[in-house]
Amino acid sequence: MRKRIPIIVVFCAVLFGQYSQKWEVQQDLYERGILFFDVNQDGIPEITKFWWNTVTLYDGANNYEIIWNIIDDEYENLILWKIYDFGHDSSREAIFIRSNTIDTITTSIMQMPVLTQEATWNSAELPGIVSFLDAEDVDNDGNTEVVFGVNRFDTGDSAYYAVLYVLDGTTGNEEWSSGEFRGYITGPYLGDIDNDNVIEIMINLYDFDTERYLLRVYGYSGTLNTFSPADPITPGLISVGFNYPNPFNPRTAIPLMLTRSALVRIRILNVKGEEVAVILRGELAPGRYQFSWEGKDRNGRSLPSGIYFYQVATGEKITTRPMVLLK
C-alpha cells in the first residue's frame with residue numbers, strides 16, 4: 001500500500017497599499033492649488049492657492065487650516081513667487097508678483113516677511129509682464145538683489161519690448177536697469193558662469209520680426225558680452241521655441257524652426273491631455289515660423305483661464321510645453 005504524502009497548501013496574502021482621500025475643499029474655476037513652501041518651518045510644505053488678487057496658504061500637516069492669507073486690493077493678480085533670506089539672518093521674506101491684465105498690463109514687485117500682512121517694500125509700477133525673477137548678490141556688496149525682466153507688447157508697431165531690472169532686495173530701490181530694447185526675453189537666469197566669483201545675469205532675447213536671436217550675459221562691471229559658438233551648430237529637423245508672452249492674454253506666439261521640409265502638427269491640449277484646438281496640420285518648407293493662438297477652442301469659443309499645452313509634432317519628434325492663459 002502506497003503511503004500518502006500530505007500536501008500542504010500555503011496561501012500567501014499579498015497586501016497592497018491603499019490610497020484614500022485625506023481632505024478636499026471647494027474652489028472656483030480660476031483657482032489653482034500647488035505644493036509650494038514650508039512657511040511655518042514644520043518640515044511639511046504648505047499648499048498655496050492663487051485666486052486673482054488673493055494668495056492663501058494652507059497647512060500641509062493640519063487638514064487644510066489656513067495659516068497665511070494675503071489680499072492685494074491694488075492689483076488684479078497676485079502670485080507668491082519665492083521665499084528668500086534677504087537679511088542673511090535666517091529671517092524669511094516672500095517675493096510677490098503683482099499684475100494687472102484686463103484693461104492695462106502692468107507689473108509691480110512686492111516683498112513681505114512670511115506670515116505677516118505688511119509689505120517691506122513695493123517696486124514702482126512697470127508696463128508689461130514679468131518674464132522671470134531670481135535673487136542673488138550680483139554686485140558683491142553683501143546684499144541680495146532682486147533681478148527680473150519685464151516684457152511688453154506695443155500695439156502700435158506689433159512688436160515686443162523688454163527691460164532687465166536689478167533692485168536692492170532690502171529696500172526695493174532700483175539699482176540698475178538695462179533700458180528698453182526691442183525683443184522678448186526669457187530669463188533672467190543667475191550664475192557664476194566664468195568662475196570669477198561674480199554672479200552673471202543671463203537672458204535670451206528674441207525678436208522674430210528682425211530674426212535677431214541672442215544670448216546676453218551681463219556682469220556687474222557693466223560690460224555686455226554676446227556669446228556665440230566658435231563652430232556653427234547644426235540644429236536638428238525642428239527646434240521649438242518657448243511661447244511668448246507666458247502667461248498671456250489673449251494672444252501668444254509659438255516660434256519654431258525647420259532645417260528641412262516636414263509634415264508638422266501643432267495642437268493645443270488642456271490639463272487632461274485633451275485636444276482643444278489645432279493650429280496647424282500640413283507640410284512646411286525649411287525656415288523660421290511663428291504661429292499664434294488666441295486662447296480659443298476649435299469652434300472659436302474663448303477658453304477659461306488655466307494651464308494649457310502646445311504640442312508640436314513631426315515624424316521624428318514631439319515637443320510639448322506648458323503655457324498659462326490668464327484673464
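Residues numbered from 1 in each chain as written. Predicted model: local features only at pLDDT ≥ 70, side-chain atom pairs only at ≥ 80, totals over all residues. Heavy atoms only, no water.

Draft legend 1. Representation of the sheet that holds strand β24 (residues 306-313). Pairing is antiparallel across the open sheet formed by four strands, whose spatial order is β22-β21-β24-β25. The open sheet has two edge strands, β22 (275-284) and β25 (318-325), and neither has a second partner. When the angles between neighbouring strand axes are averaged without regard to direction, this sheet yields 15 degrees. Relative to β25, β24 is paired through eight bridges, and the arrangement is antiparallel. Pairing of Tyr310 across the sheet is with Arg321, part of β25. (Pairing = 2+ DSSP bridges. Helix = DSSP H or I, 4+ residues; strand = E, 2+ residues; numbered from the N terminus. Axes fitted to C-alpha atoms, helices over the stretch in contact; angles between N-to-C directions.)

Draft legend 2. How the structure looks around the nonpolar core. Ranked by internal contacts, the top residues of the largest apolar core, which has 23 residues, are Leu256, Leu258, Val264, Ile268, Trp293 and Val312. Those elements that place two or more of their residues in this core are β19 (238-240), β20 (252-258), β21 (262-269), β22, β23 (287-293), β24 and β25. For Trp293, the residues in contact, after removing those within four places along its chain, are Phe248, Pro250, Arg251, Thr252, Ile268, Ala277, Ile279, Leu303, Tyr308 and Met323. Residues Phe86, Val130, Val146 and Val150 belong to the second largest nonpolar core, which totals 16 residues. (Core = buried A, V, L, I, M, F, W, Y, C linked by side-chain atoms within 4.5 Å. Buried < 20%, exposed > 50% of the residue type's maximum accessible area, 1.4 Å probe, protein only. Contact = heavy atoms within 4.5 Å.)

Draft legend 3. A look at the pattern of salt bridges. Tallying each qualifying case throughout the model produces ten salt bridges. Here Arg281 ties to Glu275 by a salt bridge, and the two come within 3.4 Å at their closest N and O atoms. Relative accessible area serves as the criterion here: at 23%, Glu275 is assigned to the partly exposed category. One connected set of salt bridges, linked through shared partners, spans Arg267, Glu275, Arg281 and Arg298. (Salt bridge = Lys/Arg side-chain N within 4 Å of Asp/Glu carboxyl O.)

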